[in-house]
Amino acid sequence: MKKSINAFLLFFTFTSLMMDVKAQTTSNDLKYGKYGCTVSKYVGGTYQYTPKGSFTINKDGTYFYEGFKQKSKGTFKVDKDGNLLFTGGYFNGGKAEKIDRPNKFFLTFPAIPDYRWTCGYVDK
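Residues numbered from 1 in each chain as written. Predicted model: local features only at pLDDT ≥ 70, side-chain atom pairs only at ≥ 80, totals over all residues. Heavy atoms only, no water.

What follows concerns the state of the cysteines. In this structure the tally under the stated criterion is 1 disulfide. One disulfide in the model links Cys37 with Cys119; its S-S distance is 2.2 Å. On the sign convention where negative means left-handed, the S-S torsion of about 110 degrees between Cys37 and Cys119 marks this disulfide as right-handed. Of the two residues, Cys37 sits in strand β1 (residues 33–43) while Cys119 sits in strand β8 (residues 117–121), which places them 82 residues apart along the sequence. (Disulfide = S-S within 2.5 Å. Helix = DSSP H or I, 4+ residues; strand = E, 2+ residues; numbered from the N terminus.)

Before going further, it helps to spend a moment on the packing of aromatic side chains. For any pair of aromatic rings, the description rests on two quantities: the centre-to-centre distance and the angle between the ring planes. Counted under the stated rule, the structure contains 20 aromatic pairs. Look at Tyr63 and Phe91: their rings are 5.3 Å apart centre to centre, the planes differ by 5 degrees, and that puts the pair in the stacked class. Here Tyr63 is found in strand β3 (residues 62–66), whereas its partner Phe91 is found in the loop between β5 (84–87) and β6 (95–98), with 28 residues between them in sequence. Judged on exposure class, the residue Tyr63 and its partner Phe91 are both buried. On the numbers, 5.0 Å between centres and 45 degrees between planes, the contact of Tyr65 with Phe91 is tilted. (Phe/Tyr/Trp six-rings, centres within 6.5 Å; stacked < 30°, edge-to-face > 60°. Buried < 20%, exposed > 50% of the residue type's maximum accessible area, 1.4 Å probe, protein only.)

Right, let's talk about the nonpolar core for a bit. Phe55, Ile57, Leu84, Phe86, Phe91, Leu107 and Trp117 are the most contacted members of the largest nonpolar core, which totals 19 residues. Among the secondary structure elements, those contributing two or more residues to this core are β1, β2 (46–57), β3, β5, β7 (104–108) and β8. It is β1 that provides the largest number of residues to this core, a total of 3 residues. When neighbours within four sequence positions are excluded, Trp117 is seen to be in contact with Cys37, Thr38, Val39, Lys52, Tyr65, Tyr90, Phe91, Phe105, Phe106, Leu107, Phe109 and Ile112. (Core = buried A, V, L, I, M, F, W, Y, C linked by side-chain atoms within 4.5 Å. Contact = heavy atoms within 4.5 Å.)

Right, let's get into unusual backbone geometry. Here Asn103, not a glycine, exhibits a phi torsion of approximately 60 degrees, which is positive. Within the secondary structure, Asn103 sits in the loop between β6 and β7.

Here you go:
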């Protein structure tokens with residue numbers, strides 16, 4: 001009886017840990033809020049970083065790009081890999097691809113076909 005209880009507790013603990021790991025790797029881990037963006041360019045043997053504004057993603061599926069005098073508004077969806085897919089607004093047809101660092105994306109969209117922006121979460 002004692003062995004079966006220990007086996008059950010071991011199984012339960014292992015299962016709980018595996019569910020917790022799985023939960024941390026889903027697209028539900030998206031951090032809503034403001035992301036600052038920069039573009040890097042290699043010039044004369046060094047990298048130059050140029051700020052490109054920021055965008056804010058909201059839980060209701062809307063985003064605002066703040067790189068102009070007036071905000072540009074659109075919507076986004078999160079795909080199975082945690083990437084953001086944009087519709088409408090300045091990023092229309094664009095994709096923010098998750099990279100290996102938390103809360104960071106490589107952003108590409110039709111208005112910037114020759115390069116990509118690096119965007120990361122910033123505290124408000």
